[in-house]
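# Examining the three-dimensional arrangement
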Amino acid sequence: GENVEQHPSTLSVQEGDSAVIKCTYSDSASNYFPWYKQELGKRPQLIIDIRSNVGEKKDQRIAVTLNKTAKHFSLHITETQPEDSAVYFCAASLEYGNKLVFGAGTILRVKS
Amino acid sequence: EPEVTQTPSHQVTQMGQEVILRCVPISNHLYFYWYRQILGQKVEFLVSFYNNEISEKSEIFDDQFSVERPDGSNFTLKIRSTKLEDSAMYFCAGDLGTEQVDTQYFGPGTRLTVL
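These remarks concern the structure in this document. (Residues numbered from 1 in each chain as written. Chains lettered and ligands numbered in written order. Predicted model: local features only at pLDDT ≥ 70, side-chain atom pairs only at ≥ 80, totals over all residues. Heavy atoms only, no water.)

### Observations regarding the overall build of chain A
In terms of regular secondary structure, chain A is built from zero helices and eleven strands. A compact globule built from 112 residues should have a C-alpha radius of gyration of about 13 Å, and chain A, at 13 Å, falls within 12% of that. Expressed as lengths along the three principal axes of its C-alpha atoms, the size of chain A is roughly 40 × 30 × 20 Å. Evaluated residue by residue, chain A yields a buried proportion of 45% over its 112 residues. Of the contacts formed within chain A by residues at least 6 apart in sequence, a portion of 53% connects residues at least 24 apart. Just so you have it, chain A exposes about 5,400 Å², and 46% of that area is on carbon and sulfur atoms. (Helix = DSSP H or I, 4+ residues; strand = E, 2+ residues; numbered from the N terminus. Rg over C-alpha atoms; globule rule 2.2 N^0.38 Å. Buried < 20%, exposed > 50% of the residue type's maximum accessible area, 1.4 Å probe, protein only. Contact = heavy atoms within 4.5 Å. Areas by Shrake-Rupley, 256 points an atom, 1.4 Å probe, with all protein chains shown as cover.)

### Structural notes on the sheet that holds strand β3 (residues 19-24) of chain B
Residues and elements named next belong to chain B. What the four strands build is an open sheet, ordered β1-β3-β8-β7; its pairing is antiparallel. Of all strands in the sheet, those bounded by a partner on one side alone are β1 (5-7) and β7 (65-68). On average, each strand axis in the sheet is tilted by 15° relative to the strand beside it, whichever way the strands run. (Pairing = 2+ DSSP bridges. Axes fitted to C-alpha atoms, helices over the stretch in contact; angles between N-to-C directions.)

### Let's talk about the nonpolar core
Among the nonpolar cores identified, the biggest contains 25 residues, and Trp35(A), Phe73(A), Leu75(A), Tyr88(A) and Leu108(A) are the most heavily contacted of them. Within the residue set of this core, elements represented by two or more residues are β2 (10-14), β3 (19-25), β4 (32-38), β5 (45-51), β7 (62-67), β8 (72-77), β9 (86-92) and β11 (106-111) of chain A. Not counting residues up to four positions away in its chain, the partners in contact with Leu75(A) are Ala19(A), Val20(A), Ile21(A), Trp35(A), Ile47(A), Ile48(A), Ile62(A), Ala63(A) and Tyr88(A). Of all hydrophobic cores here, the second largest spans 21 residues; its members include Ile26(B), Leu46(B), Phe49(B) and Ile79(B). (Core = buried A, V, L, I, M, F, W, Y, C linked by side-chain atoms within 4.5 Å.)

### A look at the interface of chain B and chain A
Many authors give the size of an interface as the accessible area that is lost as the parts come together. Each partner contributes to the interface: chain B provides 25 residues, whereas chain A provides 20 residues. Interface of chain B and chain A: buried area, both sides summed, is about 2,000 Å²; carbon and sulfur atoms make up 52% of it. Counting the surface chain B buries against chain A, the share from its top three residues, Lys42(B), Asp102(B) and Phe106(B), is 29%. For the pair chain B and chain A, the number of links is two salt bridges. (Buried area = accessible area lost by both parts, 1.4 Å probe. Salt bridge = Lys/Arg side-chain N within 4 Å of Asp/Glu carboxyl O.)

### A closer look at the sheet that holds β7(A)
All names here are of chain A. What the five strands build is an open sheet, ordered β1-β3-β8-β7-β6; its pairing is antiparallel. Every interior strand has two partners, whereas the edge strands, β1 (4-7) and β6 (56-59), have only one. With direction set aside, neighbouring strand axes in the sheet form an average angle of 15°. Note: β1 against β3, four bridges, orientation antiparallel. By the bridge assignment for β3, Glu5 is matched with Thr24.

### Section: the pattern of salt bridges
Scanning all chains against the criterion turns up six salt bridges over all chains. Glu3(B) is paired through a salt bridge with Arg43(A); the nearest N and O atoms lie 3.6 Å apart. With Glu3(B) in the segment before β1 and Arg43(A) in the loop between β4 and β5, this residue pair bridges two chains. Judged by its relative accessible area of 15%, Arg43(A) is buried. Across the pair Lys57(A) and Asp49(A) runs a salt bridge, and its minimum N-O distance is 2.8 Å. The exposure class assigned to Lys57(A) is partly exposed, which follows from its relative accessible area of 33%. Take Asp49(A): its relative accessible area is 6%, and that puts it in the buried class.

### Details of the state of the cysteines
All names here are of chain A. One pass over the structure, following the stated rule, counts two disulfides over all chains. The disulfide that involves Cys23 links it to Cys90, with 1.9 Å between the sulfurs. Judged by the sign of its S-S torsion, about -100°, the cystine formed by Cys23 and Cys90 is left-handed. Remark: Cys90 occurs in strand β9 and Cys23 occurs in strand β3; sequence separation between them is 67 residues. Overall, the relative accessible area of 1% leaves Cys23 in the buried class. (Disulfide = S-S within 2.5 Å.)

### Thoughts on the packing of aromatic side chains
Centre-to-centre distance and the angle between the planes together describe a pair of aromatic rings. Scanning all chains against the criterion turns up 18 aromatic pairs over all chains. By the ring-pair criterion, three or more aromatic residues cluster together here, those being Tyr36(A), Phe89(A), Phe102(A), Tyr33(B), Tyr35(B), Phe45(B), Phe91(B) and Phe106(B). (Phe/Tyr/Trp six-rings, centres within 6.5 Å; stacked < 30°, edge-to-face > 60°.)

Here it is, written out as structure tokens:
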């Protein structure tokens, strides 16, 4: 089955700097890749997602890139702010109606 | 904007007791899921449910677990005889089941503590 690896496990950046989190997946049939942000004690909230027919997607300060050949995708956050501090999870799925397989998570700390 | 809701927010139970976790998915969602997250760990898939039957389940979802949609709105997860290792946050999620709209929306979770 699908396996998703996520790195780094923790990431500390200065406010205003960029943060990059990387994930790799094992199942070449996966074609949907969401990123979730989870604040302490809260539900995972979708922040951005990408499908396999797209190589890059951007939403204001957040962008995701996908390399299907290499089976990896990355989250890029620019101009980080203290409120970006949270745990970020990547996930992979076949498509709608199928389970999400999550990475282990990255604790992002933005220092002001 | 509609949201997935879950009750209770926190459930404390004794080992060996049965618990039922409840979820009200977004009304137009067709696929439903239960995930769990042990403290400090990643979110793990338990089971998916579509058209009133289980479509996939993980190794975690053994005979002690069951799901049902008793009345067309609620979606429940039952654990028949809880173990200490069942202590976790349990999230319900749902999606529209439409091509190009894969987003799964999560509920706020139920924290289950087994003593």
